[in-house]
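In case you want the letters, here they are:
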Amino acid sequence: RGTVSPSGINYVDSGSERSIEATPSDGYRFDKWSSNSTNCSIADASSASTTVTINGDCTITAGFSKLGVLSISASEGGSVSPSGESYILSKKTVTVSAKPDSGYALGFWSKSASCNVESENDKQLVVTPTEGRNCNIKAYFEKTYQVSFELWRNNAVIPFTNTVVSGYPVSI
């Protein structure tokens, strides 16, 4: 979706050259120009602003594609970088880094099916979003707790401290 200039029916002399321009609407991108006839010769079909030489009746069409939105966010307890929303302009790989606040750890990544996961761990998520589809990513952080134990062995105390995430088992 978008607009073209000039638009509508235009009458020109055979052999004349005209400038044409396509402007995509918000959320769309210009793809290419096409013609239904060899009577029109488009100088650069992949350029939104180009010229066309007209030698007879023809229809010139601008092609547009819908852009997907990449949305990256975090739950309480941490942050992600980058964050926010942006349009997906091409099959570009995006690396999202998670930074938990003090007393939190990354629990898991949530991502929509159109976010093609390249790699994932407790610090980063690498995805290649599918063009034209929305890709939603969210890092979920969970509260951590310090657990301390004193083990007695041969009349000696062996202190043991570990950081654990709520809801996960701890081996002693």
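Preceding this section is the structure that the text describes.
None of these values were measured; they are calculated from a predicted model. (Residues numbered from 1 in each chain as written. Predicted model: local features only at pLDDT ≥ 70, side-chain atom pairs only at ≥ 80, totals over all residues. Heavy atoms only, no water.)

A look at the packing of aromatic side chains
For step 1, the next point in the chain: Tallied over the entire structure, the rule returns three aromatic pairs.
For step 2, the next point in the chain: Here Phe30 and Trp33 contribute two aromatic rings whose centre-to-centre distance is 5.7 Å and whose plane-to-plane angle is 55°, an arrangement assigned as tilted.
For step 3, the next point in the chain: Since its relative accessible area comes to 14%, Phe30 is described here as buried.
For step 4, the next point in the chain: Given the relative accessible area of 5%, Trp33 is considered buried.
For step 5, the next point in the chain: Taking the centre distance of 6.1 Å and the plane angle of 75° together, the rings of Phe30 and Phe64 count as edge-to-face. Of the two residues, Phe30 sits in strand β3 (residues 28-35) while Phe64 sits in strand β6 (residues 60-66), which places them 34 residues apart along the sequence. (Phe/Tyr/Trp six-rings, centres within 6.5 Å; stacked < 30°, edge-to-face > 60°. Buried < 20%, exposed > 50% of the residue type's maximum accessible area, 1.4 Å probe, protein only. Helix = DSSP H or I, 4+ residues; strand = E, 2+ residues; numbered from the N terminus.)

Thoughts on the sheet that holds strand β2 (residues 16-24)
For step 1, the next point in the chain: Taken in spatial order, the four strands of this open sheet run β1-β2-β5-β4, and their pairing is antiparallel. Each end of this open sheet is capped by a strand with a single partner; those strands are β1 (2-5) and β4 (40-42). Here the average twist between neighbouring strands, direction ignored, is 25°.
For step 2, the next point in the chain: By the bridge criterion, four bridges tie β1 to β2 in an arrangement that is antiparallel. Bridged to Ser5 within β2 is Glu21. (Pairing = 2+ DSSP bridges. Axes fitted to C-alpha atoms, helices over the stretch in contact; angles between N-to-C directions.)

Some remarks on the sheet that holds strand β12 (residues 115-120)
For step 1, the next point in the chain: Read across the open sheet, the four strands follow the order β8-β10-β13-β12; overall the sheet is antiparallel. Lying at the two open borders of the sheet, with one neighbouring strand each, are β8 (78-81) and β12. Put simply, the sheet's adjacent strands are angled 25° from each other on average, direction ignored.
For step 2, the next point in the chain: For β12 and strand β13 (residues 124-129), the ladder comprises five bridges, and the chain directions are antiparallel. Looking at the pairing, Ser119 lines up with Val126 of β13.

As far as function goes, none of this settles anything; it's purely spatial.
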